[in-house]
2 protein chains.
Amino acid sequence: MTAREAAAGSTDERPSTGSRLLSRRDVAFLLYEWLDVGRLADRSQYRGHSRETFDDVLALYEAIAADHFAGHNRKGDAFEPSVHGGRVRLIPEVAGALAAYTSAGLLACQVGGPPRPRELPYVIAQAGFAWVQAANIASAAYLLLTAANANLILAHGSPAQVERYVPALESGRWFGTMCLSEPHAGSSLGDLTTRAEPQVDGTYRVFGDKCWISAGDHELTDNIVHLVLARVPGAAPGVKGLSLFIVPKVVVGLDGQLHGPNDVTLVGLIHKMGYRGATNTLLNFGGGRVEPGGKPGAVGELVGEEGRGLAYMFSMMNEARICVGAGAAALGYTGYLKSLEYARTRIQGRRAQEKDPAGPPVPIIEHPDVRAMLLAQKAYVEGALALVLYGALLADERDTNPDPRTRRRAGLLLDVLTPIVKSWPSQWCLRANSLAIQVHGGSGYARDYDVEQHYRDNRLNAIHEGTHGIQALDLLGRKMTMAHGAGFDALCDAIQGTCKRAVAAGGEMARFGAELWAVLGELGEVTRTVAAAGDKEVALANATVYLEVSGHVVVGWMWLEQMLVAGDRPGAFYAGKRQAARYFFTRELPTVGPQLQVLRAMDRLALDMRREWF
Amino acid sequence: MTAREAAAGSTDERPSTGSRLLSRRDVAFLLYEWLDVGRLADRSQYRGHSRETFDDVLALYEAIAADHFAGHNRKGDAFEPSVHGGRVRLIPEVAGALAAYTSAGLLACQVGGPPRPRELPYVIAQAGFAWVQAANIASAAYLLLTAANANLILAHGSPAQVERYVPALESGRWFGTMCLSEPHAGSSLGDLTTRAEPQVDGTYRVFGDKCWISAGDHELTDNIVHLVLARVPGAAPGVKGLSLFIVPKVVVGLDGQLHGPNDVTLVGLIHKMGYRGATNTLLNFGGGRVEPGGKPGAVGELVGEEGRGLAYMFSMMNEARICVGAGAAALGYTGYLKSLEYARTRIQGRRAQEKDPAGPPVPIIEHPDVRAMLLAQKAYVEGALALVLYGALLADERDTNPDPRTRRRAGLLLDVLTPIVKSWPSQWCLRANSLAIQVHGGSGYARDYDVEQHYRDNRLNAIHEGTHGIQALDLLGRKMTMAHGAGFDALCDAIQGTCKRAVAAGGEMARFGAELWAVLGELGEVTRTVAAAGDKEVALANATVYLEVSGHVVVGWMWLEQMLVAGDRPGAFYAGKRQAARYFFTRELPTVGPQLQVLRAMDRLALDMRREWF
């Protein structure tokens, strides 16, 4: 069954859990009123699609998220994966949910891209998947990794590899992983030591330990396709010596059939603060016992060329980073909606002007401090979702826009924005989750409510797929200067275009447009200062501040865009959008002032702090 | 055995865990070089004490923290309290640790104050207890509540109540609780409905449900002394109608002997995100089955006068709030030290100027971003510990300074500072714990390391004993205006005194002094604006921002004080203090600028946000 067929059979009436995952109204606003994604249906790749088919698929994602994923979110957290007799045991609901998802054809919707057209625009698939992430980020991880894995093989594998692996992955018969980190090397990929020895038949034998491997072992599928970074003998040191290998848990014959088990051993599970439902493993490749006369090592196949492994992996990583940002936004969003519902129904205390202590108590949303916490959450989570969907649309534009200049510009913009799409939601939607706890008071700290789990789950997002600090190095050390600053220029052009429209619109919009224009100008100055700085270390010492300033500028832009769409349209929804935009411009954007000062001064405090002074 | 006797028998050689709880060097700096607490030994109440005896007791706290509390911190989290046959089961290490603590006489050190002199200055006891909080905040909770409970009875109970309860509490034979919240009323204490019916023999019978009761049930002690807020028949509505009752789990006769069980029933345990080792309960009073001919209700004794319950409870709450701030600081501190150790020993990556990918990798403390995260943590946790100890010393001054004017001034200052002592560490040492996770990378998110637990544990501190928002209302709505602003004036005087000394010292200290002076002036202006504002709601809508600005001003002051003490003394320790102070003044204090702007404008965004706009 394809997703479209499945969607046609689904109904628009959702159970009530759906309404506390994301806001259907907001998703429609972002996709159609703002991003105008309906126009993608005109592109040759998506012929036969229309807003109706997009909506049907989105409704299907939402239904599956609400019906199959949300229900076991807390249970998956309470009963985390465990090992019995060397086999990983999960709660049974995980398999059921994943089967519902894949059999509806939704995993296949996330696979594609040049050279093979996607079945569905990337932005629609990302929006749909966000429902699932909001419902159960841990179970969603299996899907995210498998889609990214299939996309990598599709983009860089040989036709034979594509044929042998991709259909099994996109149908959910097999799942996939990405294996980068080793116990001694996480962020420092240049130090990976897993080795791959070429064999006479063209295959390789792989030896080494890999850690933090999400979905690294389970019995959900017949096979697990590991994508492993390793070095061939004589490879250059550093990242240039890395090659990429497909190393399946069960060896796959040339005919695509499953042969015997490969030498991939589960060394142990890692127990985490959150994201507990997703297996996280330490794996050994090639260290198993060898039968007499047998050959040691895990059987692997090279993807593409030797020495290009990291570049290939990065195509997967970049996609994964957008998904991480989307997951962070989704967790923030569902926490916001749950705390909003709590604030509307929890009756306690009186308004300040009520003098009678026996007067009727009010829902806590009436208390200004609670409303301030809800408004902050709204500004964070709706800003983050806008950013994520904007980024996803850029991927569609890069891959399918008929105009080559627009394609190139979209690609540049997405390159620049990827570290921000990953890091901003990870930082600020975690903050939203903390506020969601605070709105609940003591109940928010109790495991009877969902929000504490969202907070624990979301804390991972600033760590995995490249830490916050790594994103900062990527943005400042690579993205802002790439192609002689063409990416940064494209970003400035886009933001300035919005500012100009805002100024032309007049009123408070004009004021916000002028403010954003001014802050962008300061960011530009700082960027030039950094680029010109002789001391690379002092620039890098301030990279995180730079990332955070850039993030606030970009999300300010996202809010100005939303405010322009809302205009002076009547109704509560648009009034809420305007108020959240005002909040961002009044309370959030000004916080970059002191940070810009730190950047202008090229602050040396951390650099000059000697290790013995701590 | 008294604490002093126990201390005399202890040794100064600590196992290595001790060194990752707090810094002995920093505690000594704060207590002696800065606060000069040695002078307290001259006061009549502490005759016989000296710096040596203080040091001996501090070493004893540290030893017991390291030897008895740190070891089961993670186990207490993994195996949280559970109920079997109506009885609460804890891991056995909790009882052992608490017995070690109480039998060394340390609990008794935390009990006292007017009218009965303390055995030890409050600031010393607080510093000592911080070692225990750093080691195991959950197990420490039993002690904190028991000491506060005993102190309340000491201050407000009848001589007979003092005689019957305090010795059992301070020796650790019985433990205590505070019972405020009810399922329908947490922050809104005016709505409590638990009732207390007077009996002919002068006792009361208590009926109602109480929730979030930490240490509410266990078998660690023969008895549990609950202090319960309830209303007598005909009491006024609101908080003025609340009275305070001693309601022990086991009825205590007039002779102090244990009689039969009281009608206090464990309804259930609350399972939390952190602080898991501490039992948190829902209790019912007076709803149990009554024997034929028996009388319903839980037997209670009135403390002090009817209708004064909340005032009495607040003397306990204020002490508990300082302890919460201390606990938050302690959790931040131990997380900082653990991430510092990790950063010094974890080898990964190369310095930016190293071009050779095969060059030797370095400890991650060499990476500027890691060092920046450590420096931020140092600024937060050492600033927070300074604030907590300063607040504790104010309690000593209020209670024991020979000069009545100084006593009064210390009392005013402590009143104003209490919401900040509680809230600032809860906010910023949680941030420190998040950075400690980030320094560890993926390991920080794994439960094999301590830092994720500290982060979970610390998240409670902005909630219990009055939420962050409640502290803000207390500061802005009560403390800043009490006694015609005398508390705020005392605070300004104190801060300005430090600024003047800094300006006189010249150099960068003069610059920081002038900056703090200027920000304080702006805070003063805003405070006057708020006080003069006709619309109380708009002021309260900005109370949290006001609390956070005030907190940063106060901690800036704490750092300026420390910098003045460090002066230009040689050595790594003082260099580190100076650098952390610079960090606070360069990176943290300027962040109040945009917040002051919000306050000046008396921002109405949250207030004007209608509930249907969300």
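Once that is clear, we can look at the overall build of chain A. A count of helices and strands for chain A gives 22 helices and twelve strands. Taking 614 residues into account, the globule formula puts the C-alpha radius of gyration at 25 Å, and chain A, at 25 Å, falls close to it. Evaluated residue by residue, chain A yields a buried proportion of 59% over its 614 residues. Put simply, 76% of the contacts in chain A that link residues at least 6 apart link residues at least 24 apart.

Chain B puts 75 residues into the contact, and the matching count from chain A is 76 residues. The greatest single-element share of the side of chain B that touches chain A, amounting to eight residues, is contributed by helix α20 (residues 572–588) of chain B. Taken together, the residues that form the side of chain B that touches chain A break down as 35 nonpolar, 23 polar and 17 charged.

Relative to the helices and strands, Thr481 of chain A resides in the loop between α15 (468–479) and α16 (482–505). For the pair formed by Thr481 of chain A and Leu254 of chain A, sequence separation is 227 residues and the distance between their alpha carbons is 44 Å.

What follows concerns helix α2 (residues 24–34) of chain A. Of the residues making up α2 of chain A, those classed as buried are Val27, Phe29, Leu30, Leu31 and Trp34 of chain A. One or two steps after α2 of chain A, the chain reaches Asp36 of chain A, where phi turns positive at roughly 50 degrees.

Moving on, we get to the domain arrangement of chain A. All names here are of chain A. Assigned domains within chain A: domain 1 (3–170), domain 2 (175–306) and domain 3 (467–614). For domain 1 and domain 2, the distance between their C-alpha centroids amounts to 26 Å. Counting from both sides, the interface comprises 31 residues of domain 1 and, opposite them, 26 residues of domain 2. If one sorts the elements of the side of domain 1 that touches domain 2 by residue count, helix α8 (residues 137–156) sits on top with 13 residues. Split by residue class, the side of domain 1 that touches domain 2 holds 18 nonpolar, nine polar and four charged.

Between the two copies of the chain lies a rotation about an axis combined with a shift along it. Superposing chain B onto chain A takes a rotation of 180 degrees plus a shift of 0.0 Å along the axis, which leaves an RMSD of 0.0 Å. Such a combination of turn and shift is consistent with a two-fold rotation axis. Looking at the rotation axis and the C-alpha trace of chain B, the residue lying nearest is Thr591 of chain B, at 3.4 Å.

Residues Leu389 of chain A together with Leu389 of chain B are the most contacted members of the largest nonpolar core, which totals 430 residues. If near-sequence neighbours (up to four positions away) are discounted, Leu389 of chain A is found in contact with Leu30, Leu31, Leu35, Val123, Gln126 and Ala127 of chain A.

Residues and elements named next belong to chain B. Contact pair helix α11 (residues 368–400) / helix α12 (residues 404–440): the axes reach a minimum separation of 8 Å and the direction vectors enclose 155 degrees. Considering their axes alone, α11 and α12 lie roughly antiparallel with respect to each other. Handedness of the crossing formed by α11 with α12: left-handed. Broken down by class, the residue content of the contact of α11 with α12 amounts to 24 nonpolar, five polar and four charged.

One non-glycine residue with positive phi stands out, namely Trp212 of chain A, at about 60 degrees. Tracing the sequence through the fold places Trp212 of chain A in strand β5 (residues 204–214). Positive phi, close to 55 degrees, is recorded for His484 of chain B, a residue that is not glycine.

All names here are of chain B. With respect to the secondary-structure elements, Val225 resides in strand β6 (residues 223–230). Along the backbone, Val225 and Leu169 are 56 residues apart, and their C-alpha atoms lie at a distance of 8.3 Å. Residue contacts for Val225: discarding those within four places in its chain leaves Asn149, Tyr165, Leu169, Trp174, Gly176, Ile246 and Pro248.

Parameters at a glance
- Every residue gets a number counted from 1 within its own chain, in the order that chain's sequence is written.
- In the order they appear in the text, chains get letters beginning with A and ligands get numbers beginning with 1.
- The predicted origin of the model limits local features to residues at a pLDDT of at least 70 and limits the giving and counting of side-chain atom pairs to 80 or more, whereas totals for whole chains, interfaces and linings rest on all residues.
- Labels follow the DSSP assignment, with helices taken as runs of H or I lasting at least four residues and strands as runs of E lasting at least two, numbered in each case from the N terminus.
- Atoms counted for the radius of gyration: C-alpha only. Globule rule: 2.2 Å times the number of residues to the power 0.38.
- Burial is judged by counting other C-beta atoms within 10 Å of a residue's own C-beta: 20 or more means buried, 12 or fewer means exposed, and anything between counts as partly exposed, with every C-beta placed from the backbone.
- Note on contacts: each residue gets a C-beta atom placed from the backbone, and two residues are in contact if those atoms are within 7 Å.
- Residues are sorted three ways: Asp, Glu, Lys and Arg are charged, Ala, Val, Leu, Ile, Met, Phe, Trp, Tyr, Cys and Pro are nonpolar, and all the rest, Gly among them, are polar.
- The split of the chain into domains comes from an automatic or database domain assignment.
- What sets the superposition is a least-squares fit of C-alpha atoms, and only residues with pLDDT of at least 70 in both copies go into it.
- What we call a nonpolar core is a set of buried Ala, Val, Leu, Ile, Met, Phe, Trp, Tyr and Cys residues whose membership is set by joining through C-beta atoms within 7 Å.
- Comment: axis = line fitted to C-alpha atoms, over the contacting stretch for helices; angle = value between 0 and 180 degrees taken between N-to-C directions.
- Every angle not falling under 35 degrees, over 145, or within 65 to 115 is termed oblique; those three ranges are roughly parallel, roughly antiparallel and roughly perpendicular.
- Note on convention: the crossing is left-handed when the near helix lies turned anticlockwise from the far helix by less than a right angle, right-handed when the turn is clockwise.

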